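Chain and residue survey
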Amino acid sequence: MGPVDYLCIEFPQGTLTGRALPMLLDLVDRRVIRVLDLLFVRKSPDGTVVALDGRELELSGLGAFHGAASGLLGGDDLREAGAILAPGAAAVLLVYENLWAAPLARQLRVSGAQLVAGGRIPVQGLLAALDAAESQDNAVASGR
């Protein structure tokens, strides 16, 4: 197997339209990723968190993921998502295998290597760091 990642993507109230779903399907079709688990949740204004059945969402293309339930996502994940979601928001919890990295991961395991650390830099943090570096470069270039 390749490395397995998870995402919790929040959609403010009324913004879960499914417009990004074709892009997810494209990643699956090109065998970049394999969806292991997909769960939709909603946090009501009173704070109650519920899992949503895909049929409730009426999103075109969602049927391609029917049965994507490895059992990796459970009640704890639902509670954790609920703790971070804004009232009225919906979210998708996605667990996926990085198929593109499977051959590398396999060879590393055969060689006796093991992953000892990993992480992800949120895009907002990356953009802020790049903006700060650019501002600093501009200040140096202008002699400030």
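Because the structure is predicted, anything quoted here is derived from the model rather than measured. (Residues numbered from 1 in each chain as written. Predicted model: local features only at pLDDT ≥ 70, side-chain atom pairs only at ≥ 80, totals over all residues. Heavy atoms only, no water.)

Comments concerning the environment of Asp37
Selection rule: Segments assigned H or I by DSSP are reported as helices when at least four residues long, segments assigned E as strands when at least two residues long, and all are numbered from the N terminus. In the analysis that follows, any N or O atom pair within 3.5 Å is treated as a polar contact, provided that within protein one partner can donate a hydrogen and the other can accept it, and provided that, for residues neighboring in sequence, both atoms belong to side chains.
Here Asp37 is to be found in strand β2 (residues 33-43). Put simply, Asp37 and Tyr96 are 59 residues apart on the chain and 6.9 Å apart in space, counted from C-alpha to C-alpha. Of the polar contacts made by the side chain of Asp37, one reaches the backbone nitrogen of Gly71; its length is 3.3 Å.

Re the pairing of strand β3 (residues 49-52)
To be explicit about the condition: Whether two strands pair comes down to DSSP finding at least two bridges between them.
Pairing of β2 with β3 involves 4 bridges; the strand directions are antiparallel. Bridging across to β3, Val41 finds its partner in Ala51.

Section: the sheet that holds β2
This is how it is decided: Axis lines are fitted to C-alpha atoms, over the contacting stretch for helices. Their N-to-C directions set the angle, which ranges from 0 to 180 degrees. Residues count as neighbours in contact if any of their non-hydrogen atoms are within 4.5 Å of one another.
An order of β1-β4-β2-β3 is seen for the 4 strands of this open sheet, with the pairing classed as antiparallel. Edge positions in the sheet fall to β1 (4-11) and β3, since each of these pairs with one other strand and no more. Direction aside, the axes of adjacent strands within the sheet are offset by 25° on average. Contacts from helix α1 (residues 21-29) reach β2 and β4 (90-98), with the element oriented near 155° to β2.

What about helix α5 (residues 123-141)?
Rules: Helix span, as expected, comes to 1.5 Å for every residue beyond the first.
Here α5 is 19 residues long and its end C-alpha atoms lie 27 Å apart, about the 27 Å a rise of 1.5 Å per residue gives. Gly143 occupies a position one or two residues after α5 and carries a positive phi of about 80°.

Quick notes on the side chain of Asp37
Spelled out, the test is: Per-residue accessibility, obtained with a 1.4 Å probe over protein chains only, is compared with the maximum for each type, and a residue is labelled buried under 20%, exposed over 50%, and partly exposed between these values. The positive count covers Lys and Arg only, the negative count covers Asp and Glu only, and His and the chain ends enter neither. By definition here, a salt bridge exists when the distance from a side-chain nitrogen of Lys or Arg to a carboxyl oxygen of Asp or Glu is within 4 Å.
Here Asp37 occupies a buried position and makes no salt bridge, while the nearest side chain of opposite charge, Arg34, is found at 11 Å. A polar contact is formed between the side chain of Asp37 and the backbone nitrogen of Leu72, at a distance of 3.0 Å.

Regarding the nonpolar core
In a soluble, globular protein the nonpolar side chains are often hidden away together inside. Stated precisely, the cut-off is as follows: What makes a nonpolar core is a set of buried Ala, Val, Leu, Ile, Met, Phe, Trp, Tyr and Cys residues whose side-chain atoms join them at distances within 4.5 Å.
In terms of nonpolar packing, the biggest core is built from 12 residues, these being Leu16, Leu21, Leu24, Ile33, Val35, Leu38, Phe40, Leu52, Ala90, Val92, Leu94 and Tyr96. Elements represented by at least two residues in this core include exactly α1, β2 and β4. Grouped together as the second largest cluster of nonpolar side chains are 9 residues, Val41, Ala81, Leu85 and Leu93 included.

What to know about the pattern of salt bridges
Within the structure shown, the criterion is met by 4 salt bridges. Note that Arg120 and Asp5 form a salt bridge whose closest N and O atoms lie 3.1 Å from each other. Placement of the pair is Arg120 in the loop between α4 (102-110) and α5 and Asp5 in strand β1, with a sequence separation of 115 residues. Residue Asp26 is joined to Arg30 by a salt bridge in which the shortest nitrogen-to-oxygen separation is 2.9 Å. Since its relative accessible area comes to 34%, Asp26 is described here as partly exposed.

Side note on the environment of Ser44
Secondary-structure assignment places Ser44 in the loop between β2 and β3. Residues Ser44 and Gly88, 44 residues apart in the sequence, show an inter-C-alpha distance of 4.8 Å. If near-sequence neighbours (up to four positions away) are discounted, Ser44 is found in contact with Pro87 and Gly88. Within the structure, Ser44 has its side chain in polar contact with the side chain of Asp46 (distance 2.3 Å).

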